[in-house]
Amino acid sequence: MASTQLNLDAVIVGAGFSGLYMLHRLREAGFSTCVFEAGDNVGGTWYWNRYPGARCDVESIYYNYTFSEELLNEWTWSAKYAEQPEILRYINFVADKFDLRRDIQFKTRVNTAHYDEEKNRWDIQLDNGQSVTAKFFITAVGCLSASNVPKMKGLETFKGEWYHTGHWPHEKVEFKGKRVGVIGTGSSGIQSIPVIAQEAEHLTVFQRTPQYSSPARNTAHDPEYLKEIRANYNEIKTQMQQSAVGIPVVQGERSALEDPPEERQRLFEAAWEKGGLMTLSSTYNDLSINPEANETAQEFIRSKIREVVKNPEVAEKLLPSFYYGTKRTIIDTNYFETYNRDNVTLIDVRKAPIQEITASGIKTAEEEYDLDMIVFATGFDAMTGPLFKMDIRGKDGVSLKEKWAGGSQTRTYLGIGTAGFPNMFMLTGPESPSVLSNMMVSIEQHVEWVSDCLNYLRENGLGVIEANEDAENNWNQHCREVADMTLFTKTDSWYMGANIEGKARGFQIYLGGVGTYRQICDDVADKGYEGFALIPSKEPVL
Ligand code: NA7
């Protein structure tokens, strides 16, 4: 059957937080737009990550859209840290409020997007056989949407159930009476382990790298507090936008080494008691840059783990030793306490690696564990993974994968554009603050920058915008220089691409802070999109 071709101003890939807002902005500005979304509903990350205990580690009052005062006043978060179902309800509420669904095609994956230089249009093929052309191609695919199930011998022979946390079933998964194995102790593992342990007959945790985690201390919201937040939201929004990570954080002004041990202990204790994402890490100003200062925070958390976990042998296995904060900082609810339960066993797979999955469980170098269910909390091919799931080709048929492959690493200009790929925009792309910021702040900033850019092109009769190679190289170098000033690059993490076999190593996030980054992006726009080549339209396309 011949399919009819849609010709649009812009195609957006993904109906998560970024894709939805991008659609709203472009539609308001009069551009013809459609979102293609693989899932059967809106939500992106929050649609797919439905594992037990999933919740956002950014406080709910900061983790929402801020572009509409009406929306801010209409939605009330129940708790300091919102659970996945509540966040998904919020996203659905937004989609309904702004009538977004009529321009979203669900259950549709973008397979290929090829730029046709002659026509100056993107040719897009969907997995249902439909083809679409668009002047602009905008990826809103998220940073953590390509889930990583490590290649393990024998997985196909396993007779029980198995799931990945980032692709969790929509129906309730029953743990009752089952022997469950969880592989991985990143955020997803640490959030789900305490919840699974409460239900399962037995839980075996397969840990490769012990993690630093501190208490979230989640609480229900006090209506008076929310009233105050609403009354001051404009000021709070400005603070978020100008901050380092998109959350107003009180940053300590001294080095951890300036304080005597007793005072340091007092401040760390206070942070531990208060709980929350940045509380401990912002106690001092040098924890992320000075190895000795970092060691003080490491030792503090190790002492807490020894204090909480009753069995000293188990506690010992749980002690992390990498630089604190250089893998995603984690906050938890009863994570370390869970190892005091009789129905929980911790296996160190660094010492005795997993050799294979058998029909009945997991076999390590030391022992075989019988399991009814395996939960892979093994993370994602971050940042580039979601983009590489599509065959994106720019000028001369060069694919994004080829351009960024091998040792050459990812290169972007501002994390928004990349040379050789005209009229393509990446929302929260590699080399932007993205996952090391409050995503909502970074999403709104990118969406607004891109929609302003499209308006500018239209107003000025411009048909093509493309990042210059020089600008891109300078940005790439700047990103690396900033990252090299910190301890982040000293740890193997998914920020470095180190969790995926064969992936080129390189720090993929801009660490200069969201306030600084916003200023840089605004300056680029104010200077007529400096660093981008702008070419007049042959015909008035928009
Ligand atoms: P993460 O943070 O990438 O954690 C994945 C975990 O899985 C981590 O403990 C890994 O150990 C472990 N892992 C990965 N592969 C293996 C194999 N082959 N064997 C044993 N263990 C393995 O993913 P999450 O989903 O927890 O969190 C992702 C982000 O989502 C999070 O940072 C928040 O931003 C939200 P490793 O540390 O690599 O040794």
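It should be emphasised that the depicted structure is a prediction, and the values quoted were computed from it without experimental measurement.

Undergrad: Help me understand the overall build of the protein chain, please; the structure alone is not making it clear to me.
TA: A tally of regular secondary structure across the protein chain gives 15 helices and 20 strands. Expressed as lengths along the three principal axes of its C-alpha atoms, the size of the protein chain is roughly 75 × 55 × 50 Å. Scored against the burial criterion, the 542 residues of the protein chain give a buried share of 57%. In the protein chain, 71% of the contacts between residues at least 6 apart in sequence involve partners at least 24 apart. Of note, the protein chain has its 55 positive side-chain charges centred 3 Å away from the centre of its 75 negative side-chain charges.

Undergrad: For this particular structure, what's the right way to read the pattern of salt bridges?
TA: It is possible for side chains of opposite charge to pair when their charged atoms get near one another. This model, assessed by the stated rule, comprises 30 salt bridges. A salt bridge links Arg-102 to Asp-103; its shortest N-O distance comes to 3.6 Å. Residue Arg-102 is classed as exposed on the basis of its relative accessible area of 57%. Each of Arg-27, Asp-99, Arg-102 and Asp-103 takes part in salt bridges that share partners, so that together they form one network.

Undergrad: Looking at this model, I keep getting lost on the domain arrangement of the protein chain. Mind explaining?
TA: For interface size, the figure often reported is the accessible area lost on association. Domain boundaries in the protein chain define domain 1 (5–146 + 382–433 + 465–512) and domain 2 (155–376). In total, about 3,500 Å² of surface goes out of reach between domain 1 and domain 2, with carbon and sulfur atoms giving 57% of it. Our enumeration of links across domain 1 and domain 2 arrives at one salt bridge. The partner of Arg-328 in a salt bridge is Asp-57, with the nearest N and O atoms 2.7 Å apart. On inspection of domain 1 and its partner domain 2, the count reaches 19 residue pairs in polar contact (both at pLDDT 80 or more). Mapped by element, the contributors of at least two residues to the side of domain 1 that touches domain 2 are helix 2 (45–48) and helix 3 (69–74). Per-class residue counts for the side of domain 1 that touches domain 2 are 19 nonpolar, eleven polar and eight charged.

Undergrad: I'm lost on the site of the ligand in this one. Help?
TA: By nearness alone, 19 residues border the ligand, and Thr-185, Ser-188, Arg-208, Thr-209 and Lys-327 come closest of all. Between the ligand and Arg-208, the relevant distance is 2.8 Å, taken from an oxygen atom to a side-chain nitrogen or oxygen of the residue. In the model, an oxygen atom of the ligand is placed 2.6 Å from a nitrogen or oxygen of the Lys-327 side chain. Against a free-state accessible area of 770 Å², the protein chains account for coverage of 84% of the ligand. The class makeup of the residues in the shell around the ligand is seven nonpolar, eight polar and four charged.

Undergrad: Where do I start with the nonpolar core in this structure?
TA: Side chains of a nonpolar character, in soluble globular proteins, are inclined to be buried together. Counting 89 residues, the largest nonpolar core has Phe-17, Leu-414, Phe-425 and Trp-449 as the members making the most contacts within it. With ten residues, the top contributor of residues to this core is helix 13 (residues 439–459). If you count residues domain by domain, this core takes at least three from each of domain 1 (5–146 + 382–433 + 465–512) and domain 2 (155–376). The residues touching Trp-449, leaving out its near neighbours within four places in the chain, are Leu-414, Ile-416, Phe-425, Cys-521, Asp-522, Val-524, Ala-525, Tyr-529 and Phe-532.

Undergrad: Hey, could you run me through empty space enclosed by the protein in this one?
TA: In this approach a probe as big as a water molecule rolls over the atoms, and the regions it shows empty are the leftover space. Summed over the entire model, instances satisfying the criterion amount to four cavities of 30 Å³ or more. Taken together, Thr-139, Val-141, Gly-142, Cys-143, Met-383, Leu-387, Met-426, Leu-427, Thr-428, Gly-429 and Pro-430 make up the lining of the largest cavity. Classifying every residue of the lining of the largest cavity gives seven nonpolar, four polar and no charged.

Undergrad: I tried to follow the sheet that holds strand 9 (residues 202–207) on my own but got confused; where do I start?
TA: Strand-to-strand pairing in sheets goes through backbone hydrogen bonds, with the strands running parallel or antiparallel. One open sheet holds the five strands; their spatial order is 7-16-8-9-12, and the pairing between them is parallel. Edge positions in the open sheet fall to strand 7 (161–164) and strand 12 (344–348), since each of these has one partner strand only. When the angles between neighbouring strand axes are averaged without regard to direction, this sheet yields 15°. Along the sheet, helix 5 (residues 187–199) contacts strand 8 (179–183), strand 9, strand 12 and strand 16 (373–376); its crossing angle with strand 9, the most-contacted strand, is approximately 155°.

Cut-offs used in this document
Residues numbered from 1 in each chain as written. Predicted model: local features only at pLDDT ≥ 70, side-chain atom pairs only at ≥ 80, totals over all residues. Heavy atoms only, no water. Helix = DSSP H or I, 4+ residues; strand = E, 2+ residues; numbered from the N terminus. Buried < 20%, exposed > 50% of the residue type's maximum accessible area, 1.4 Å probe, protein only. Contact = heavy atoms within 4.5 Å. Lys, Arg positive; Asp, Glu negative; His and termini not counted. Charge placed at Lys NZ, Arg CZ, Asp CG, Glu CD. Salt bridge = Lys/Arg side-chain N within 4 Å of Asp/Glu carboxyl O. Domains from an automatic or database assignment. Buried area = accessible area lost by both parts, 1.4 Å probe. Polar contact = N/O pair within 3.5 Å; in protein donor to acceptor, adjacent residues only side chain to side chain. Nonpolar A, V, L, I, M, F, W, Y, C, P; charged D, E, K, R; others polar. Near = heavy atom within 4 Å. Areas by Shrake-Rupley, 256 points an atom, 1.4 Å probe, with all protein chains shown as cover. Core = buried A, V, L, I, M, F, W, Y, C linked by side-chain atoms within 4.5 Å. 1 Å grid on protein atoms, 1.4 Å probe; cavity = no way out; pocket = protein on both sides within 12 Å on 5 of 7 lines; lining within 4 Å. Points joined across faces, edges and corners; volume = space filled by probe spheres on them. Pairing = 2+ DSSP bridges. Axes fitted to C-alpha atoms, helices over the stretch in contact; angles between N-to-C directions.

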